[in-house]
Amino acid sequence: MLAPSPSTNSHAGPSSSTTRKTKSIQEIYDVTERINLDDVNMLCLFSRNDPITFEEAYQEDRWKKAMKDEINSIIKNKTWGLTTLPIGHNAIGVK
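All values derive from a computational prediction rather than experimental measurement.

### Some remarks on the overall build of the chain
Here is step 1 of the chain: The number of helices and strands found in the chain is 4 helices and 2 strands.
Here is step 2 of the chain: Secondary structure elements of the chain occur, N-terminal to C-terminal, as β-β-α-α-α-α.
Here is step 3 of the chain: Per-residue burial over the chain gives 4% buried out of 95 residues.
Here is step 4 of the chain: The long-range share in the chain, meaning contacts at least 24 apart out of those at least 6 apart in sequence, stands at 5%.
Here is step 5 of the chain: Carbon and sulfur atoms make up 58% of the accessible area of the chain, which totals about 9200 Å².

Set out below in structure tokens:
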């Protein structure tokens, strides 16, 4: 790991007395507040206005088509099989 080493750079040319301080990556990490990734994930859920529930998706033709295409692909590729759930479980996996 590199130790922070502040430096200055002149960006206005050789005759300028204006200098700009730059920070090392470590300095930026040291002062950056950590964010809760759950909050970011929730934001991502809503950023594109995609439907959240089946009921919302099934109201739009493009989502109906996408679901039908996905089911057809699963059937064609034989990547699924029916099974019996263990006693005490329901279809959404809640005991």
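Additional details are given in the paragraphs that follow.
### So, unusual backbone geometry
Here is step 1 of the chain: Phi at Lys 78 takes a positive value of approximately 50°, unusual for a residue other than glycine.
Here is step 2 of the chain: Mapping Lys 78 onto the fold places it in the segment after helix H4 (61-77).
Here is step 3 of the chain: For Lys 78, a relative accessible area of 72% puts it in the exposed group.

### Observations regarding the pattern of salt bridges
Here is step 1 of the chain: According to the stated counting rule, one finds 4 salt bridges in the structure shown.
Here is step 2 of the chain: In this structure, the salt-bridge partner of Asp 61 is Lys 64, at a minimum N-O distance of 3.9 Å. Placement of the pair is Asp 61 and Lys 64 together in helix H4, with a separation of 3 residues, close to one helical turn.
Here is step 3 of the chain: Under the relative-accessibility criterion, Asp 61 is labelled exposed at 61%.
Here is step 4 of the chain: A relative accessible area of 24% means that Lys 64 is categorised as partly exposed.

What counts and how
- Residues numbered from 1 in each chain as written.
- Predicted model: local features only at pLDDT ≥ 70, side-chain atom pairs only at ≥ 80, totals over all residues.
- Heavy atoms only, no water.
- Helix = DSSP H or I, 4+ residues; strand = E, 2+ residues; numbered from the N terminus.
- Buried < 20%, exposed > 50% of the residue type's maximum accessible area, 1.4 Å probe, protein only.
- Contact = heavy atoms within 4.5 Å.
- Areas by Shrake-Rupley, 256 points an atom, 1.4 Å probe, with all protein chains shown as cover.
- Salt bridge = Lys/Arg side-chain N within 4 Å of Asp/Glu carboxyl O.

By themselves, these are just geometric observations and shouldn't be taken as functional.
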